[in-house]
Each structure stands twice: as C-alpha cells, then as structure tokens.
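What follows is the residue order along each chain.
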Amino acid sequence: MNFSSQNTLVLGAGSWGTALAVLLARNQTPTYLWGRDKKQIEAMTHERCNQRYLPNISFPHLLIPIHDLQQALKHTNQIIIAVPSHAFRLTLECIFKSIPARTPIIWATKGLELGTGRLLHEVAIEILGSDYPIAILSGPTFAHEVAMGLPTAVTVATTYPEVFTYLAYCLRGNTFRLYTSDDLIGVQLGGAVKNILAIAAGISDGLGFGSNTRAALITRGLAELIRFALVSGAKKETLMGLSCLGDLILTCTDNQSRNRRLGLALAQGKTLSEALTLIDQVIEGIEAAKLVSMRARQVNIEMPIIDQVYQVLYCSQDPKKAVEMLLNREQKPEHT
C-alpha cells in the first residue's frame, strides 16, 4: 500500500479528535476532520483552529474541517473514530454502508456501549461484520499535550498487522510512539474503568486527603481493575501497560482529566448536575460506573472503590461517607 497517497477521515471534532487530526496533518497525511455541528465546522474552517476545545493550536494546511459526512467518506481511505462512546454505534451505522470493504476502522473512543455495557469491538463486529479491519488506539493521552507535540506513547490493539503499520506510518514522529497489542479486551477495559477511578481520585483530593490517600486509591483501584478485566478475558500484561496502568495514573493525578474534575467538584459540595454544567464535556466515567458496578455484581467480583463511586453518583451517597465506608472494610491480605 502506498501510504503517502492515503487520506484519513477523523470522526469527532472534540479535543481528542482534533488533536489526532492535527498530528496526522503535521505528518503530511491529508486529513478530513468531521463534526456534526455545522457552525463549529464553519468556525474551524475560518479560524484554522478549534477555538472551543483546543484554542491556540493552529491547523496544518493538510487538515480540512468538513460537515458533509457523505462527501467526506468519498475521499477517505482510513477512518479514525473519536466520538464519545454513547455515539459510537450510531456513528458506525451512519458510515458502514458508504465505505468500501477492507477500509480500516480505528477508534480512539474510550468507554463502554451506553445501556448494554458491551465492549466497543463487539459493537463494531456486530455492525461491520468481518469485512473491515479494526483497531483501537488507547493510552495516557491528554489531547492538548498531543496537539502541542509533547512526547506521548500509546497502545494500538488490533489483530490486523497492516492497520498497525498504517498508523505507525501516519502518526510517526519524534514525539509520538506506538506499541502494538492483540488484547482488544484488556486495552478497552483499561480505558473504561480508569475513568471511574479518576472520579474517585478527584473526590479524595477534593476532600483534602492528600498524596498518601491518592497513591493507595490508585494502587487498590488497579487491583479492582485487574480482577474485573481478567474475568472478562484480558491479559494481565496488558493491564500493567500504557492503556491501563499508564492511563490510570494520568487521569487520577492531573486536572486535565474531566473525570477527575468531576470528582473534585462533587467533593466540594456541587451536585452532579452542577458539576456537569461546570465541566461542559462528556464524562465517560459516569455511565461506566453504573455498567461496571452492575457487571461486577453479576460475576461476583469485589470492586469496593467502584461501588462507592456508583453510590455517590447514583444513590446520593455523601463523598465523605463513601471514604469512611472504604476505610472501615474488613482487614485482609493485599493481593490483586
């Protein structure tokens, strides 16, 4: 395949989709960036930046914002999906009849399917069948830092080596490194469950509990994540890598994480509705907390931190009471 002749379409003009489109275009890959908000696309076309999500990041000349999805699909050879998880199914349903078989479908969406809790590769296979090679891009990535060109490493989970080769080519550079994995389950669960734990870390820090508490919470949260993921079919080595441990550390410790900011706001006494209005972006950990907590009960897996986040979000549990419940649990040996 002559990669230099390929066009890429990024679906989702939020911060992460825009950052990926900027990275691709900087690396001389002709890139279309699609968004459903026509006014936003028109503004990006005129201003040559995404003023709402990534202000002051100028668009390379090979980045073309586009609103007409069908028109964009006519000119693309690879597709990267960067929409929120609740829009993932609808996005695939909108595009799959308009693209040729064997077109690579890559997604940078983190989360579980709204309502069902299914992994996104299961949704993709249901809709696309086996005619399209798929891959998942995940890891510790804040969009603004990627767009600024700061050093970043990610995992690409796929069973199609040619898709990884393509991504490694078009995302290549001195500041962006890709590792490959065939563990689609582990990579996706790491990216979904860490969002819930980031809410917990935000609550802890918002209550003023300090660095000791945060470190303990991350460590024990990782133990919960590993138990849950292994039962689901993940590989343990994946869970100690970029897409799980790396992303967990990132989202639990830096206020660029919207999930962590939600926890901070809740700890400061704001209602969930008030916190969502303040952050004004999709927070994947809210739905994930419900889905993972439900699944954990079904398979009899102990996830006390996840459960307390669920109690705070859905059962009006006071954040201080949630921490007290965790600290007063029965003493037991430390293991994962």
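Note that the coordinates shown come from a computational prediction; the quantities given were computed from them, not determined experimentally.

Criteria and thresholds
- Residues numbered from 1 in each chain as written.
- Predicted model: local features only at pLDDT ≥ 70, side-chain atom pairs only at ≥ 80, totals over all residues.
- Heavy atoms only, no water.
- Domains from an automatic or database assignment.
- Buried area = accessible area lost by both parts, 1.4 Å probe.
- Salt bridge = Lys/Arg side-chain N within 4 Å of Asp/Glu carboxyl O.
- Polar contact = N/O pair within 3.5 Å; in protein donor to acceptor, adjacent residues only side chain to side chain.
- Helix = DSSP H or I, 4+ residues; strand = E, 2+ residues; numbered from the N terminus.
- Nonpolar A, V, L, I, M, F, W, Y, C, P; charged D, E, K, R; others polar.
- Axes fitted to C-alpha atoms, helices over the stretch in contact; angles between N-to-C directions.
- Parallel < 35°, antiparallel > 145°, perpendicular 65-115°, else oblique.
- Left-handed = near helix turned anticlockwise from the far one by under 90°.
- Contact = heavy atoms within 4.5 Å.

1. What to know about the domain arrangement of the protein chain
- Each assigned domain of the protein chain is listed here: domain 1 (8-182) and domain 2 (185-328).
- Just the C-alpha atoms count here: the centres of domain 1 and domain 2 sit 25 Å apart.
- Buried area between domain 1 and domain 2, both sides added, is near 2,200 Å², and the carbon and sulfur share of it is 62%.
- Inspection of the region where domain 1 meets domain 2 yields three salt bridges.
- Residue Asp 247 is joined to Lys 110 by a salt bridge in which the shortest nitrogen-to-oxygen separation is 2.7 Å.
- Where domain 1 touches domain 2, the interface holds eight residue pairs in polar contact (both at pLDDT 80 or more).
- Looking at the side of domain 1 that touches domain 2, the elements with two or more residues in it are α5 (120-128), β6 (134-138), α6 (143-148), β7 (152-157) and β8 (176-181).
- Top element by residues in the side of domain 1 that touches domain 2 is β7. It accounts for four residues.
- Classifying every residue of the side of domain 1 that touches domain 2 gives 14 nonpolar, 14 polar and five charged.

2. Regarding the packing of helix α8 (residues 184-206) against helix α11 (residues 242-253)
- Where α8 meets α11, the axes come as close as 8 Å, and the angle between the chain directions of the two elements is 25°. Considered as vectors, α8 and α11 are oriented roughly parallel to each other. Crossing of α8 against α11: the hand is right-handed. In this structure, α8 uses Val 187, Gly 190, Gly 191, Lys 194, Leu 197, Ala 198 and Ala 201 to contact α11, whose residues at the interface are Ser 243, Cys 244, Asp 247, Leu 248, Thr 251 and Cys 252.
- Grouping the amino acids of the contact of α8 with α11 by side-chain chemistry returns seven nonpolar, four polar and two charged.

3. Observations concerning the environment of Ala 143
- One can find Ala 143 in helix α6.
- Separated by 89 residues in the primary sequence, Ala 143 and Leu 54 place their C-alpha atoms 8.2 Å from one another.
- For Ala 143, the residues in contact, after removing those within four places along its chain, are Ser 15, Trp 16, Ala 19 and Leu 54.

4. Regarding unusual backbone geometry
- Its identity as a non-glycine residue notwithstanding, Asp 280 has a phi of 60°, on the positive side.
- Looking at where Asp 280 falls in the secondary structure, it is placed in the loop between α13 (272-279) and α14 (284-298).
- In the Ramachandran plot, Ser 316 falls in the positive-phi region, its phi being about 60° despite a non-glycine side chain.
- Among the secondary structure elements, Ser 316 is positioned in the loop between α15 (304-314) and α16 (319-327).

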